[in-house]
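Residues per chain are reported as follows:
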Amino acid sequence: MDRENFNLFCAGQYPSLIAYASLFLRGEDRLWAEDVVQDVFYSVWKRRFFLRRDSAQIHGYLLRSVYNHCMNYLRHQRARRAYEEQESSFLAMAEQYYDPDRNPVIKALFDRDLHSSLDRSIDALPDKCREVFRLSYVEGYSHKKIADLLGISVRTVDAHIYAALRSLRTALENNCP
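Residues numbered from 1 in each chain as written. Predicted model: local features only at pLDDT ≥ 70, side-chain atom pairs only at ≥ 80, totals over all residues. Heavy atoms only, no water.

We now examine the packing of aromatic side chains. The final tally for this structure, using the stated rule, is six aromatic pairs. On the basis of an interplanar angle of 55° and a centroid distance of 4.9 Å, the ring pair of Phe6 and Trp45 is categorised as tilted. Here the residue Phe6 occupies a position in helix α1 (residues 3-24), and Trp45 occupies one in helix α2 (residues 30-46), the gap between them amounting to 39 residues. Per residue, the accessibility class of Phe6 equals that of Trp45, and both read buried. (Phe/Tyr/Trp six-rings, centres within 6.5 Å; stacked < 30°, edge-to-face > 60°. Helix = DSSP H or I, 4+ residues; strand = E, 2+ residues; numbered from the N terminus. Buried < 20%, exposed > 50% of the residue type's maximum accessible area, 1.4 Å probe, protein only.)

Set out below in structure tokens:
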């Protein structure tokens, strides 16, 4: 079969094959039905030397090819939708169960890690700085009261608090993701 006869043959078969492919692909893009038919025609063109000239045989081959292509497309679409639904389900579960604001267990784990890092960082402070920080932030004493207890000036208390906070901020930034 030469190119001109093949083009005439395709032009005659095209409308019915598009209609047949559209039966399977209801609601799908019509362009996909056209792609299926084009793929089938290309397949016929490649096999033109092996096909008999019997138009009934070629027509049957075309119908079976369109059917197979459409079924493959629909199977692929079903698998893709199932994957998307599974992924969507996982995301919904993750939002519900893995968010530390919604899951007290996860929050407790992260808080425990943060608490441990904070304790280690406080323990690493110089003695006087650590003592002033604990009196201020753990015991809740005022800077004036701390100064009176330790026999130092309020400005020295302020300096220790400033140094402790700077050191803790740096340590926690380096230890927390």
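Taking 1.5 Å of rise per residue, the 17 residues of α2 would be expected to cover 24 Å, and the 25 Å separating its terminal C-alpha atoms lies within 8% of that figure. Every buried residue of α2 is accounted for by Ala33, Val36, Val37, Val40, Phe41, Ser43, Val44 and Trp45. (Expected span 1.5 Å × (residues − 1).)

Among the secondary structure elements, Ala124 is positioned in the loop between α4 (104-123) and α5 (127-138). Between the C-alpha atom of Ala124 and that of Leu168, which follows or precedes it by 44 residues, the distance is 9.3 Å.

Take the packing of α5 against helix α6 (residues 143-150) next. Working note: a packed helix pair is described by the angle between its axes plus the distance between those axes. Put simply, α5 and α6 touch, their axes get as near as 10 Å, and they point 135° apart. For the element pair α5 / α6, the angle class is oblique. Considering how the two elements wind past one another, α5 and α6 form a crossing that is right-handed. Mapping the contact onto sequence places Lys128, Glu131, Val132, Leu135 and Ser136 in α5 and His143, Ile146 and Leu150 in α6. The residue inventory of the contact of α5 with α6, partitioned by class, reads four nonpolar, two polar and two charged. (Axes fitted to C-alpha atoms, helices over the stretch in contact; angles between N-to-C directions. Parallel < 35°, antiparallel > 145°, perpendicular 65-115°, else oblique. Left-handed = near helix turned anticlockwise from the far one by under 90°. Contact = heavy atoms within 4.5 Å. Nonpolar A, V, L, I, M, F, W, Y, C, P; charged D, E, K, R; others polar.)

We now examine a nonpolar patch on the surface. A cluster of nonpolar side chains, namely Phe90, Leu91 and Met93, defines an oily patch on the protein surface of about 260 Å² accessible area. Along the chain, Met93 falls in helix α3 (residues 55-97). Residue classification places Met93 among the partly exposed residues on the basis of a relative accessible area of 32%. (Patch = residues over 30% accessible without salt bridge, like charges linked within 9 Å, V, L, I, M, F, W, Y side chains within 5 Å. Areas by Shrake-Rupley, 256 points an atom, 1.4 Å probe, with all protein chains shown as cover. Salt bridge = Lys/Arg side-chain N within 4 Å of Asp/Glu carboxyl O.)

The next thing to look at is the pattern of salt bridges. Enumeration according to the criterion identifies four salt bridges in this entry. The salt bridge partner of Arg80 is Glu84, with a shortest N-O separation of 2.8 Å. Of this pair, Arg80 and Glu84 both sit in helix α3, four residues apart, which is roughly one turn of the helix. A relative accessible area of 34% places Arg80 in the partly exposed class. Take Glu84: its relative accessible area is 42%, and that puts it in the partly exposed class. We note a salt bridge from Arg134 to Asp123, for which the minimum N-O separation is 2.9 Å. Of the two residues, Arg134 is situated in helix α5 and Asp123 in helix α4; the sequence distance between them amounts to eleven residues. According to the relative accessible area criterion, Arg134 is partly exposed, its value standing at 33%.

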